[in-house]
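Examination of the molecular architecture
These are the residues of each chain, in order.
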Amino acid sequence: MSEIKLPEAFVKRMINYLGEEEFFAFEKSLEKEPRVSIRINPFKGIIHEADRTAVPWNNEGYFLAERPSFTLDPLFHAGCYYVQESSSMFIAHILKYIQAPKDGIFLDLAAAPGGKSTLLSSFIGKDGFLVANEVIKTRANILKENIIKWGLGNTMVTQNDPEHFRELEGFFDLVLVDAPCSGEGLFRKDQEARNEWSEDNVNLCALRQQRIMDQAGALVKGGGYLIYSTCTFNEKENEDMIRFICSEYAYEPVRIPIDPTWKITETATETEDGTFYGYRFYPHHVEGEGFFVSVFKRPEDSYIQEPKKIKDFKHSHIKAANKQESQRLISDLGLDERSTFYSLQDSFFWTNAKYQTHFEFLSRFLNIRYFGVELGKFNKEQFIPNHEFAVSILPKKGFTAHELNLDQALTFLRKEDMVVDDIPEGWVLVTYQNIPMGWIKNLGNRINNNYPKEWRIRMR
Ligand code: SAM
(Lines give C-alpha, C1' and ligand atoms only; values in the text may rest on other atoms or scores of the structure.)
Protein backbone atom coordinates (compact mmCIF):
# COMPACT_ATOMS: atom_id res chain seq x y z
CA MET A 1 0.00 0.00 0.00
CA SER A 2 1.49 3.40 -0.94
CA GLU A 3 2.08 5.47 2.15
CA ILE A 4 1.23 9.15 2.07
CA LYS A 5 2.13 10.62 5.46
CA LEU A 6 -0.65 11.67 7.81
CA PRO A 7 -0.89 15.49 8.08
CA GLU A 8 1.08 16.71 11.10
CA ALA A 9 -1.66 18.90 12.54
CA PHE A 10 -4.07 15.96 12.26
CA VAL A 11 -1.66 13.65 14.12
CA LYS A 12 -1.24 16.22 16.89
CA ARG A 13 -4.96 16.63 17.33
CA MET A 14 -5.62 12.88 17.33
CA ILE A 15 -2.90 12.29 19.95
CA ASN A 16 -4.52 14.98 22.06
CA TYR A 17 -7.89 13.34 21.65
CA LEU A 18 -7.02 9.65 21.94
CA GLY A 19 -3.81 9.72 23.99
CA GLU A 20 -0.50 8.40 22.65
CA GLU A 21 -1.10 4.73 23.19
CA GLU A 22 -4.48 4.63 21.50
CA PHE A 23 -3.26 6.87 18.70
CA PHE A 24 -0.57 4.28 17.99
CA ALA A 25 -3.26 1.60 17.50
CA PHE A 26 -5.29 4.02 15.38
CA GLU A 27 -2.31 4.82 13.16
CA LYS A 28 -1.44 1.16 12.77
CA SER A 29 -5.00 0.32 11.72
CA LEU A 30 -4.65 2.75 8.80
CA GLU A 31 -1.98 0.47 7.31
CA LYS A 32 -4.39 -2.46 7.08
CA GLU A 33 -6.29 -3.20 3.85
CA PRO A 34 -9.88 -1.88 4.11
CA ARG A 35 -12.50 -4.63 4.39
CA VAL A 36 -14.88 -4.90 1.48
CA SER A 37 -18.53 -5.06 2.38
CA ILE A 38 -21.77 -5.14 0.47
CA ARG A 39 -25.39 -4.52 1.38
CA ILE A 40 -27.90 -6.68 -0.42
CA ASN A 41 -31.09 -5.47 -2.03
CA PRO A 42 -33.82 -7.25 -0.05
CA PHE A 43 -36.21 -6.94 -3.00
CA LYS A 44 -33.92 -8.68 -5.47
CA GLY A 45 -32.72 -11.73 -3.57
CA ILE A 46 -29.60 -12.93 -1.87
CA ILE A 47 -26.31 -13.29 -3.69
CA HIS A 48 -22.61 -13.91 -3.09
CA GLU A 49 -23.13 -17.04 -1.04
CA ALA A 50 -19.43 -17.73 -0.66
CA ASP A 51 -17.14 -16.48 2.09
CA ARG A 52 -19.05 -13.74 3.78
CA THR A 53 -19.62 -12.70 7.37
CA ALA A 54 -22.44 -10.56 8.68
CA VAL A 55 -22.06 -6.87 9.50
CA PRO A 56 -23.21 -6.85 13.14
CA TRP A 57 -25.56 -3.84 12.95
CA ASN A 58 -27.21 -4.45 9.61
CA ASN A 59 -28.77 -7.76 8.65
CA GLU A 60 -28.46 -6.92 4.96
CA GLY A 61 -24.72 -6.16 5.21
CA TYR A 62 -21.86 -8.62 4.67
CA PHE A 63 -18.07 -8.51 4.67
CA LEU A 64 -16.50 -10.35 1.77
CA ALA A 65 -13.39 -12.48 2.25
CA GLU A 66 -11.75 -10.67 -0.63
CA ARG A 67 -12.55 -8.02 -3.21
CA PRO A 68 -14.15 -9.65 -6.28
CA SER A 69 -14.35 -7.93 -9.64
CA PHE A 70 -17.68 -6.20 -9.19
CA THR A 71 -17.54 -4.93 -12.78
CA LEU A 72 -17.61 -8.52 -14.05
CA ASP A 73 -20.52 -9.55 -11.83
CA PRO A 74 -23.84 -9.09 -13.69
CA LEU A 75 -25.72 -9.02 -10.38
CA PHE A 76 -23.84 -5.88 -9.36
CA HIS A 77 -25.18 -4.10 -12.47
CA ALA A 78 -28.66 -5.49 -11.82
CA GLY A 79 -28.79 -3.71 -8.44
CA CYS A 80 -28.76 -6.88 -6.32
CA TYR A 81 -26.31 -5.31 -3.89
CA TYR A 82 -24.50 -2.05 -3.18
CA VAL A 83 -20.82 -1.89 -2.25
CA GLN A 84 -20.83 0.12 0.96
CA GLU A 85 -18.34 0.36 3.77
CA SER A 86 -19.76 -1.21 6.88
CA SER A 87 -19.73 1.71 9.38
CA SER A 88 -22.27 3.62 7.24
CA MET A 89 -24.63 0.66 7.41
CA PHE A 90 -25.23 1.57 11.07
CA ILE A 91 -28.03 3.84 9.77
CA ALA A 92 -30.15 0.67 9.49
CA HIS A 93 -29.71 0.01 13.21
CA ILE A 94 -30.80 3.59 13.97
CA LEU A 95 -33.92 3.28 11.78
CA LYS A 96 -34.87 0.06 13.52
CA TYR A 97 -34.33 1.43 17.01
CA ILE A 98 -36.24 4.69 16.51
CA GLN A 99 -38.98 2.75 14.69
CA ALA A 100 -38.89 5.18 11.79
CA PRO A 101 -42.24 4.95 9.97
CA LYS A 102 -41.87 2.73 6.92
CA ASP A 103 -44.69 4.65 5.28
CA GLY A 104 -42.98 7.98 5.97
CA ILE A 105 -41.64 10.75 3.73
CA PHE A 106 -37.82 10.66 3.97
CA LEU A 107 -35.21 13.09 2.71
CA ASP A 108 -31.55 12.34 2.06
CA LEU A 109 -30.21 15.85 1.55
CA ALA A 110 -26.62 15.01 0.47
CA ALA A 111 -27.20 11.73 -1.26
CA ALA A 112 -24.66 10.96 -4.02
CA PRO A 113 -23.46 8.39 -4.86
CA GLY A 114 -26.40 6.80 -3.09
CA GLY A 115 -25.11 4.46 -0.36
CA LYS A 116 -27.42 5.77 2.31
CA SER A 117 -30.28 6.50 -0.11
CA THR A 118 -30.38 2.88 -1.27
CA LEU A 119 -30.37 1.84 2.40
CA LEU A 120 -33.31 4.18 3.11
CA SER A 121 -35.06 2.98 -0.04
CA SER A 122 -34.76 -0.65 1.15
CA PHE A 123 -36.10 0.33 4.56
CA ILE A 124 -39.27 2.05 3.29
CA GLY A 125 -39.74 -0.58 0.58
CA LYS A 126 -43.16 -0.47 -1.03
CA ASP A 127 -44.68 1.67 1.72
CA GLY A 128 -42.79 4.98 1.86
CA PHE A 129 -41.42 7.81 -0.26
CA LEU A 130 -37.82 9.08 -0.43
CA VAL A 131 -36.38 12.30 -1.83
CA ALA A 132 -32.70 11.69 -2.67
CA ASN A 133 -31.03 15.02 -3.31
CA GLU A 134 -27.59 15.90 -4.62
CA VAL A 135 -26.51 19.45 -5.42
CA ILE A 136 -23.65 18.65 -7.82
CA LYS A 137 -24.85 17.75 -11.30
CA THR A 138 -22.30 15.06 -12.21
CA ARG A 139 -22.79 13.42 -8.82
CA ALA A 140 -26.58 13.64 -9.22
CA ASN A 141 -26.17 11.55 -12.41
CA ILE A 142 -24.38 8.79 -10.48
CA LEU A 143 -27.03 8.95 -7.77
CA LYS A 144 -29.75 8.59 -10.42
CA GLU A 145 -28.01 5.56 -11.94
CA ASN A 146 -27.74 3.85 -8.55
CA ILE A 147 -31.36 4.58 -7.66
CA ILE A 148 -32.50 3.20 -11.03
CA LYS A 149 -30.49 0.00 -10.50
CA TRP A 150 -31.83 -0.39 -6.95
CA GLY A 151 -35.18 -0.41 -8.72
CA LEU A 152 -37.77 0.00 -5.96
CA GLY A 153 -39.54 2.97 -7.54
CA ASN A 154 -40.02 4.71 -4.18
CA THR A 155 -37.49 7.49 -4.78
CA MET A 156 -37.47 10.93 -6.38
CA VAL A 157 -33.97 12.12 -7.31
CA THR A 158 -33.52 15.88 -7.14
CA GLN A 159 -30.64 18.24 -7.81
CA ASN A 160 -30.99 21.19 -5.49
CA ASP A 161 -29.09 23.34 -3.08
CA PRO A 162 -30.35 22.83 0.50
CA GLU A 163 -31.66 26.44 0.24
CA HIS A 164 -34.26 25.33 -2.30
CA PHE A 165 -35.97 23.27 0.39
CA ARG A 166 -36.92 26.31 2.46
CA GLU A 167 -40.64 26.04 1.63
CA LEU A 168 -40.67 22.50 3.00
CA GLU A 169 -40.44 23.27 6.68
CA GLY A 170 -41.92 20.50 8.85
CA PHE A 171 -42.55 18.29 5.80
CA PHE A 172 -40.38 15.19 6.34
CA ASP A 173 -40.66 12.31 8.81
CA LEU A 174 -36.94 11.78 8.59
CA VAL A 175 -34.09 13.90 7.24
CA LEU A 176 -30.63 12.42 6.81
CA VAL A 177 -27.69 14.74 6.25
CA ASP A 178 -24.52 12.82 5.46
CA ALA A 179 -22.59 16.04 5.22
CA PRO A 180 -19.71 16.88 2.90
CA CYS A 181 -16.72 16.82 5.28
CA SER A 182 -12.93 16.83 5.55
CA GLY A 183 -12.90 13.04 5.14
CA GLU A 184 -10.44 12.05 7.89
CA GLY A 185 -12.27 8.73 8.16
CA LEU A 186 -11.20 7.92 4.62
CA PHE A 187 -7.44 8.18 5.26
CA ARG A 188 -7.13 4.39 4.94
CA LYS A 189 -9.41 3.70 2.00
CA ASP A 190 -8.48 6.78 0.01
CA GLN A 191 -4.91 7.90 0.69
CA GLU A 192 -5.36 10.97 -1.51
CA ALA A 193 -7.70 12.30 1.21
CA ARG A 194 -4.54 12.81 3.33
CA ASN A 195 -3.14 15.21 0.75
CA GLU A 196 -6.38 17.14 0.49
CA TRP A 197 -6.65 17.62 4.25
CA SER A 198 -5.80 20.93 5.95
CA GLU A 199 -6.90 22.73 9.11
CA ASP A 200 -8.38 25.46 6.88
CA ASN A 201 -10.42 22.88 5.03
CA VAL A 202 -11.78 21.52 8.32
CA ASN A 203 -12.93 25.05 9.20
CA LEU A 204 -14.47 25.55 5.76
CA CYS A 205 -16.30 22.22 6.02
CA ALA A 206 -17.65 23.16 9.45
CA LEU A 207 -19.00 26.44 8.06
CA ARG A 208 -20.58 24.67 5.11
CA GLN A 209 -22.14 22.11 7.46
CA GLN A 210 -23.62 24.96 9.49
CA ARG A 211 -25.17 26.43 6.35
CA ILE A 212 -26.62 23.05 5.40
CA MET A 213 -27.94 22.28 8.89
CA ASP A 214 -29.43 25.74 9.17
CA GLN A 215 -31.80 24.64 6.37
CA ALA A 216 -32.05 20.94 7.18
CA GLY A 217 -32.99 21.44 10.83
CA ALA A 218 -36.26 23.11 9.82
CA LEU A 219 -37.41 20.36 7.45
CA VAL A 220 -38.27 17.71 10.03
CA LYS A 221 -41.92 17.52 11.10
CA GLY A 222 -43.08 17.33 14.73
CA GLY A 223 -42.23 13.85 16.05
CA GLY A 224 -39.80 13.23 13.18
CA TYR A 225 -36.06 12.56 13.23
CA LEU A 226 -32.90 14.22 12.01
CA ILE A 227 -29.79 12.11 11.43
CA TYR A 228 -26.49 13.93 11.00
CA SER A 229 -23.37 12.05 9.90
CA THR A 230 -19.85 12.62 8.60
CA CYS A 231 -16.84 10.47 7.77
CA THR A 232 -14.44 12.56 9.80
CA PHE A 233 -13.09 12.56 13.37
CA ASN A 234 -12.60 16.20 14.40
CA GLU A 235 -15.02 17.71 16.89
CA LYS A 236 -15.60 20.87 14.85
CA GLU A 237 -17.52 18.86 12.24
CA ASN A 238 -19.12 16.48 14.74
CA GLU A 239 -19.90 17.34 18.37
CA ASP A 240 -19.69 21.09 17.64
CA MET A 241 -22.34 20.55 14.96
CA ILE A 242 -24.57 18.91 17.58
CA ARG A 243 -24.20 22.13 19.62
CA PHE A 244 -24.93 24.21 16.53
CA ILE A 245 -28.09 22.26 15.61
CA CYS A 246 -29.38 22.52 19.19
CA SER A 247 -28.67 26.25 19.29
CA GLU A 248 -30.74 26.79 16.11
CA TYR A 249 -33.64 24.37 16.60
CA ALA A 250 -35.59 22.63 19.31
CA TYR A 251 -34.61 18.97 19.26
CA GLU A 252 -34.65 16.17 21.80
CA PRO A 253 -31.73 13.80 22.24
CA VAL A 254 -31.92 10.21 21.07
CA ARG A 255 -29.64 7.60 22.60
CA ILE A 256 -29.09 4.54 20.43
CA PRO A 257 -28.37 1.25 22.24
CA ILE A 258 -25.11 -0.31 21.12
CA ASP A 259 -23.75 -3.76 21.83
CA PRO A 260 -20.36 -3.39 23.58
CA THR A 261 -18.85 -6.03 21.28
CA TRP A 262 -19.41 -3.64 18.34
CA LYS A 263 -16.75 -1.33 19.81
CA ILE A 264 -18.50 1.83 18.73
CA THR A 265 -17.52 4.84 20.85
CA GLU A 266 -20.40 6.88 22.28
CA THR A 267 -19.78 10.56 23.02
CA ALA A 268 -21.98 12.81 25.15
CA THR A 269 -22.41 16.50 24.32
CA GLU A 270 -24.02 18.81 26.84
CA THR A 271 -26.44 21.41 25.46
CA GLU A 272 -29.18 23.57 26.97
CA ASP A 273 -31.67 20.95 25.77
CA GLY A 274 -29.90 18.07 27.48
CA THR A 275 -27.19 15.56 26.68
CA PHE A 276 -26.94 14.56 23.01
CA TYR A 277 -25.11 11.47 21.83
CA GLY A 278 -22.66 10.88 19.02
CA TYR A 279 -21.45 7.51 17.71
CA ARG A 280 -17.85 7.33 16.57
CA PHE A 281 -16.46 4.51 14.45
CA TYR A 282 -12.69 4.21 14.68
CA PRO A 283 -10.78 1.94 12.31
CA HIS A 284 -8.73 0.48 15.19
CA HIS A 285 -11.98 -0.67 16.83
CA VAL A 286 -14.33 -1.58 13.97
CA GLU A 287 -13.83 -3.31 10.62
CA GLY A 288 -15.15 -0.36 8.62
CA GLU A 289 -13.92 3.16 7.97
CA GLY A 290 -14.14 6.25 10.17
CA PHE A 291 -17.68 7.51 10.69
CA PHE A 292 -19.68 9.73 13.02
CA VAL A 293 -23.44 9.86 13.48
CA SER A 294 -25.91 11.57 15.79
CA VAL A 295 -29.71 11.38 16.02
CA PHE A 296 -32.17 14.12 17.03
CA LYS A 297 -35.91 14.02 17.59
CA ARG A 298 -38.19 16.95 16.75
CA PRO A 299 -40.61 17.58 19.64
CA GLU A 300 -44.09 16.15 18.96
CA ASP A 301 -45.70 19.60 19.14
CA SER A 302 -43.45 21.11 16.42
CA TYR A 303 -44.84 22.31 13.13
CA ILE A 304 -46.12 19.77 10.60
CA GLN A 305 -46.64 20.78 6.98
CA GLU A 306 -49.10 18.68 4.99
CA PRO A 307 -48.74 18.78 1.21
CA LYS A 308 -51.34 20.95 -0.49
CA LYS A 309 -53.50 19.04 -2.91
CA ILE A 310 -53.17 20.37 -6.45
CA LYS A 311 -56.30 20.24 -8.59
CA ASP A 312 -54.77 20.34 -12.04
CA PHE A 313 -51.17 19.24 -11.96
CA LYS A 314 -49.03 21.58 -14.03
CA HIS A 315 -45.30 21.35 -14.49
CA SER A 316 -42.83 22.74 -17.04
CA HIS A 317 -42.02 19.30 -18.46
CA ILE A 318 -43.84 16.55 -16.53
CA LYS A 319 -47.45 15.78 -17.55
CA ALA A 320 -50.03 13.71 -15.70
CA ALA A 321 -51.14 10.71 -17.78
CA ASN A 322 -54.81 10.68 -18.78
CA LYS A 323 -57.28 8.01 -17.68
CA GLN A 324 -57.04 6.04 -20.89
CA GLU A 325 -53.23 5.97 -20.87
CA SER A 326 -53.19 4.95 -17.21
CA GLN A 327 -55.67 2.12 -17.75
CA ARG A 328 -53.69 0.86 -20.71
CA LEU A 329 -50.43 0.84 -18.73
CA ILE A 330 -52.08 -0.99 -15.82
CA SER A 331 -53.66 -3.67 -17.96
CA ASP A 332 -50.90 -4.12 -20.56
CA LEU A 333 -48.02 -4.28 -18.07
CA GLY A 334 -49.88 -5.89 -15.16
CA LEU A 335 -49.31 -2.95 -12.80
CA ASP A 336 -51.16 -2.24 -9.57
CA GLU A 337 -54.43 -0.28 -9.78
CA ARG A 338 -53.02 2.04 -7.11
CA SER A 339 -50.54 3.60 -9.54
CA THR A 340 -50.22 7.14 -10.79
CA PHE A 341 -48.55 7.77 -14.14
CA TYR A 342 -46.83 10.79 -15.60
CA SER A 343 -45.10 11.39 -18.90
CA LEU A 344 -41.97 13.23 -19.84
CA GLN A 345 -41.25 13.59 -23.55
CA ASP A 346 -43.79 10.81 -24.28
CA SER A 347 -42.08 8.39 -21.92
CA PHE A 348 -44.30 7.17 -19.08
CA PHE A 349 -43.28 6.98 -15.42
CA TRP A 350 -44.87 4.84 -12.73
CA THR A 351 -45.36 6.16 -9.20
CA ASN A 352 -47.16 4.87 -6.11
CA ALA A 353 -50.60 6.54 -6.11
CA LYS A 354 -50.39 6.90 -2.33
CA TYR A 355 -47.80 9.66 -2.75
CA GLN A 356 -49.38 11.54 -5.65
CA THR A 357 -50.09 14.63 -3.53
CA HIS A 358 -46.59 14.62 -2.04
CA PHE A 359 -44.93 14.19 -5.41
CA GLU A 360 -46.96 16.93 -7.08
CA PHE A 361 -46.43 19.31 -4.18
CA LEU A 362 -42.66 18.68 -4.11
CA SER A 363 -42.40 19.14 -7.87
CA ARG A 364 -43.29 22.82 -7.38
CA PHE A 365 -40.06 23.48 -5.50
CA LEU A 366 -37.50 20.92 -6.60
CA ASN A 367 -35.48 20.21 -9.70
CA ILE A 368 -36.46 16.62 -10.46
CA ARG A 369 -33.86 14.39 -12.13
CA TYR A 370 -35.73 11.08 -11.83
CA PHE A 371 -38.78 9.66 -10.07
CA GLY A 372 -40.65 6.39 -9.65
CA VAL A 373 -39.87 4.04 -12.53
CA GLU A 374 -39.51 5.10 -16.14
CA LEU A 375 -41.52 2.51 -18.06
CA GLY A 376 -41.22 3.43 -21.73
CA LYS A 377 -43.47 4.73 -24.49
CA PHE A 378 -46.26 3.64 -26.76
CA ASN A 379 -45.60 3.42 -30.45
CA LYS A 380 -49.05 2.79 -31.92
CA GLU A 381 -50.01 -0.70 -30.72
CA GLN A 382 -46.57 -1.49 -29.40
CA PHE A 383 -45.06 -0.60 -26.03
CA ILE A 384 -41.35 0.21 -26.15
CA PRO A 385 -39.93 -0.60 -22.73
CA ASN A 386 -37.09 1.32 -21.07
CA HIS A 387 -34.06 -0.12 -19.35
CA GLU A 388 -35.18 1.52 -16.08
CA PHE A 389 -38.35 -0.58 -16.22
CA ALA A 390 -36.37 -3.79 -16.78
CA VAL A 391 -34.25 -3.38 -13.67
CA SER A 392 -37.14 -2.25 -11.50
CA ILE A 393 -39.08 -4.66 -9.30
CA LEU A 394 -42.36 -3.87 -11.11
CA PRO A 395 -44.15 -6.77 -12.87
CA LYS A 396 -43.51 -7.03 -16.61
CA LYS A 397 -46.60 -8.77 -17.88
CA GLY A 398 -46.63 -9.83 -21.49
CA PHE A 399 -42.85 -9.97 -21.98
CA THR A 400 -40.91 -13.19 -22.47
CA ALA A 401 -37.94 -13.61 -20.15
CA HIS A 402 -34.81 -15.35 -21.32
CA GLU A 403 -32.07 -16.54 -18.96
CA LEU A 404 -28.46 -15.75 -19.96
CA ASN A 405 -25.32 -17.56 -18.85
CA LEU A 406 -22.40 -15.56 -17.45
CA ASP A 407 -20.67 -15.08 -20.85
CA GLN A 408 -23.89 -13.93 -22.49
CA ALA A 409 -24.70 -11.60 -19.58
CA LEU A 410 -21.27 -9.95 -19.91
CA THR A 411 -21.72 -9.63 -23.68
CA PHE A 412 -25.02 -7.93 -22.95
CA LEU A 413 -23.42 -5.56 -20.41
CA ARG A 414 -20.68 -4.69 -22.93
CA LYS A 415 -23.48 -3.81 -25.36
CA GLU A 416 -21.99 -6.16 -27.96
CA ASP A 417 -23.90 -8.18 -30.55
CA MET A 418 -25.84 -11.03 -28.99
CA VAL A 419 -26.57 -14.48 -30.36
CA VAL A 420 -29.54 -15.98 -28.55
CA ASP A 421 -31.55 -18.96 -29.78
CA ASP A 422 -35.17 -19.83 -29.23
CA ILE A 423 -36.64 -16.47 -28.41
CA PRO A 424 -39.76 -14.94 -29.95
CA GLU A 425 -39.61 -11.86 -32.17
CA GLY A 426 -39.90 -8.52 -30.39
CA TRP A 427 -38.84 -7.36 -26.94
CA VAL A 428 -37.33 -9.97 -24.62
CA LEU A 429 -36.36 -9.42 -20.99
CA VAL A 430 -32.94 -10.94 -20.38
CA THR A 431 -32.19 -12.30 -16.91
CA TYR A 432 -29.14 -13.65 -15.10
CA GLN A 433 -29.80 -16.00 -12.17
CA ASN A 434 -33.43 -14.99 -12.78
CA ILE A 435 -32.72 -11.32 -12.04
CA PRO A 436 -33.76 -8.90 -14.83
CA MET A 437 -30.75 -7.33 -16.60
CA GLY A 438 -32.39 -5.38 -19.44
CA TRP A 439 -33.99 -5.75 -22.88
CA ILE A 440 -32.99 -7.20 -26.19
CA LYS A 441 -35.12 -6.98 -29.33
CA ASN A 442 -35.30 -9.88 -31.73
CA LEU A 443 -35.82 -8.49 -35.22
CA GLY A 444 -35.80 -11.96 -36.86
CA ASN A 445 -32.53 -11.57 -38.78
CA ARG A 446 -30.63 -9.97 -35.89
CA ILE A 447 -30.89 -9.03 -32.26
CA ASN A 448 -30.64 -5.49 -30.90
CA ASN A 449 -28.89 -5.10 -27.57
CA ASN A 450 -30.68 -2.35 -25.68
CA TYR A 451 -28.32 -1.99 -22.73
CA PRO A 452 -27.76 1.76 -22.08
CA LYS A 453 -24.68 2.94 -23.95
CA GLU A 454 -23.47 5.17 -21.12
CA TRP A 455 -23.48 2.28 -18.62
CA ARG A 456 -21.75 -0.35 -20.75
CA ILE A 457 -18.73 -2.08 -19.27
CA ARG A 458 -15.37 -2.09 -21.01
CA MET A 459 -13.51 -4.56 -18.83
CA ARG A 460 -12.67 -8.01 -20.27
N1 SAM B 1 -24.69 10.03 1.48
C2 SAM B 1 -23.80 9.65 0.41
C3 SAM B 1 -23.67 8.15 0.37
O4 SAM B 1 -23.90 7.49 1.38
O5 SAM B 1 -23.38 7.61 -0.71
C6 SAM B 1 -22.46 10.35 0.52
C7 SAM B 1 -22.59 11.84 0.65
S8 SAM B 1 -21.09 12.71 0.64
C9 SAM B 1 -20.44 12.40 2.20
C10 SAM B 1 -21.65 14.37 0.74
C11 SAM B 1 -22.35 14.89 -0.48
O12 SAM B 1 -22.71 16.25 -0.23
C13 SAM B 1 -21.51 14.90 -1.75
O14 SAM B 1 -22.13 14.16 -2.74
C15 SAM B 1 -21.41 16.38 -2.13
O16 SAM B 1 -21.44 16.59 -3.51
C17 SAM B 1 -22.62 16.96 -1.45
N18 SAM B 1 -22.48 18.41 -1.19
C19 SAM B 1 -21.43 19.22 -1.45
N20 SAM B 1 -21.70 20.49 -1.09
C21 SAM B 1 -22.95 20.49 -0.61
C22 SAM B 1 -23.79 21.49 -0.10
N23 SAM B 1 -23.40 22.75 -0.01
N24 SAM B 1 -25.03 21.13 0.28
C25 SAM B 1 -25.43 19.85 0.21
N26 SAM B 1 -24.67 18.87 -0.26
C27 SAM B 1 -23.45 19.17 -0.66
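The structure presented is a predicted model; accordingly, all values stated were derived computationally and were not measured. (Residues numbered from 1 in each chain as written. Predicted model: local features only at pLDDT ≥ 70, side-chain atom pairs only at ≥ 80, totals over all residues. Heavy atoms only, no water.)

**With respect to the site of the ligand**
Surrounding the ligand, one finds 17 residues, the nearest of these being A112, G115, E134, R139 and D178. With respect to the ligand, the backbone of P113 contributes an N or O atom lying 3.5 Å from an oxygen atom. Within the backbone of G114, one N or O atom sits 3.2 Å away from an oxygen atom of the ligand. Coverage of the ligand by the protein chains reaches 85% of its 600 Å² of free accessible surface. For the shell around the ligand, the elements supplying multiple residues, two or more each, are helix 5 (115–124) and helix 8 (199–216). Among the residues making up the shell around the ligand, the classes are represented as 10 nonpolar, two polar and five charged. (Near = heavy atom within 4 Å. Polar contact = N/O pair within 3.5 Å; in protein donor to acceptor, adjacent residues only side chain to side chain. Areas by Shrake-Rupley, 256 points an atom, 1.4 Å probe, with all protein chains shown as cover. Helix = DSSP H or I, 4+ residues; strand = E, 2+ residues; numbered from the N terminus. Nonpolar A, V, L, I, M, F, W, Y, C, P; charged D, E, K, R; others polar.)

**Thoughts on the sheet that holds strand 23 (residues 447–449)**
The strands that make up a sheet pair up through hydrogen bonds in the backbone, lying either parallel or antiparallel. Strand order in this open sheet of four strands is 20-21-22-23, and the pairing throughout is mixed. Each of the sheet's edge strands pairs with one partner strand only, and the pair in question is strand 20 (400–403) and strand 23. When strand polarity is set aside, the average angle formed by the axes of neighbouring strands in this sheet is 40°. With seven bridges connecting them, strand 21 (residues 426–432) and strand 22 (residues 435–442) associate as antiparallel partners. Across the sheet, the residue bridging to W427 is K441, located in strand 22. Relative to the sheet, helix 13 (residues 406–413) contacts strand 20, strand 21, strand 22 and strand 23, its axis offset from that of strand 22 by approximately 70°. (Pairing = 2+ DSSP bridges. Axes fitted to C-alpha atoms, helices over the stretch in contact; angles between N-to-C directions. Contact = heavy atoms within 4.5 Å.)

**Observations regarding unusual backbone geometry**
For residues besides glycine, phi is generally negative; the peptide bonds are generally trans as well. In this chain, A112 is followed by P113 through a cis amide linkage whose omega measures 5°. Relative to the helices and strands, P113 is located in the loop between strand 5 (105–108) and helix 5. Phi angles above zero are rare outside glycine, and Q99 is one such case at about 55°. Within the secondary structure layout, Q99 lies in the loop between helix 4 (90–98) and strand 5. Phi is positive for N434, which is not a glycine, with a value near 65°. Structurally, the position occupied by N434 is in the loop between strand 21 and strand 22. With relative accessibility at 63%, the residue N434 sits in the exposed group. (Buried < 20%, exposed > 50% of the residue type's maximum accessible area, 1.4 Å probe, protein only.)

**Considerations on a negative patch on the surface**
A cluster of acidic residues, E252, E272, D273 and D301, forms a negative patch on the protein surface. For D273, the position within the fold is in the loop between strand 11 (265–271) and strand 12 (274–281). (Patch = residues over 30% accessible without salt bridge, like charges linked within 9 Å, V, L, I, M, F, W, Y side chains within 5 Å. Salt bridge = Lys/Arg side-chain N within 4 Å of Asp/Glu carboxyl O. Lys, Arg positive; Asp, Glu negative; His and termini not counted. Charge placed at Lys NZ, Arg CZ, Asp CG, Glu CD.)

**Considering helix 2 (residues 20–29)**
When we look at burial in helix 2, the residues that qualify are F23, F26 and S29. The arc that holds the buried residues of helix 2, viewed along the axis, is 120°, so those residues lie on one side. Relative to its buried face, helix 2 has exposed residues pointing more than 90 degrees away, namely E20, E21 and F24. Buried residues along helix 2 sit in contact with helix 1 (8–18). (Arc of directions from axis to C-beta.)

**Some points on the sheet that holds strand 4 (residues 81–83)**
An order of 2-3-1-4 is seen for the four strands of this open sheet, with the pairing classed as antiparallel. Here the strands that pair on one side only, and so sit at the sheet edges, are strand 2 (52–55) and strand 4. Averaged over all adjacent pairs, the angle separating strand axes in this sheet is 35°, with direction ignored. Examined bridge by bridge, strand 1 (residues 37–40) and strand 3 (residues 58–64) share three bridges and lie antiparallel to one another. Bridge pairing links I38 to Y62 in strand 3.

**Digging into the pattern of salt bridges**
With the rule as written, the count across this model stands at 14 salt bridges. D240 is paired through a salt bridge with R243; the nearest N and O atoms lie 2.6 Å apart. Of this pair, D240 and R243 both sit in helix 9 (residues 239–248), three residues apart, which is roughly one turn of that helix. D240 sits in the partly exposed class, given a relative accessible area of 33%. Judged by relative accessible area, which is 37%, R243 ranks as partly exposed.

**Description of the side chain of S117**
By secondary structure assignment, the location of S117 is in helix 5. At a separation of 2.7 Å, a polar atom in the side chain of S117 contacts the side chain of D108. Residues within four places of S117 in sequence aside, it is in contact with D108, A111, L130, A132, L143 and I147.

**Focus on the pairing of strand 22**
When you tally the buried positions in strand 22, you get seven out of eight residues, the bulk of the element. Taken together, the three bridges between strand 22 and strand 23 define a ladder with antiparallel strand orientation. Within the sheet, the bridge partner assigned to N442 lies in strand 23 and is I447. Where strand 22 folds back onto strand 23 in an antiparallel hairpin, the turn is made up of four residues, including G444, whose phi is positive at roughly 95°.

**What about the packing of helix 8 against helix 9?**
With their axes 10 Å apart at the nearest point, helix 8 and helix 9 run at an angle of 35° to one another. Crossing of helix 8 against helix 9: the hand is right-handed. On helix 9, the residues that touch A206, Q209, Q210, M213 and D214 of helix 8 are M241, F244, I245 and E248. Partitioning the contact of helix 8 with helix 9 into residue classes produces five nonpolar, two polar and two charged. (Left-handed = near helix turned anticlockwise from the far one by under 90°.)

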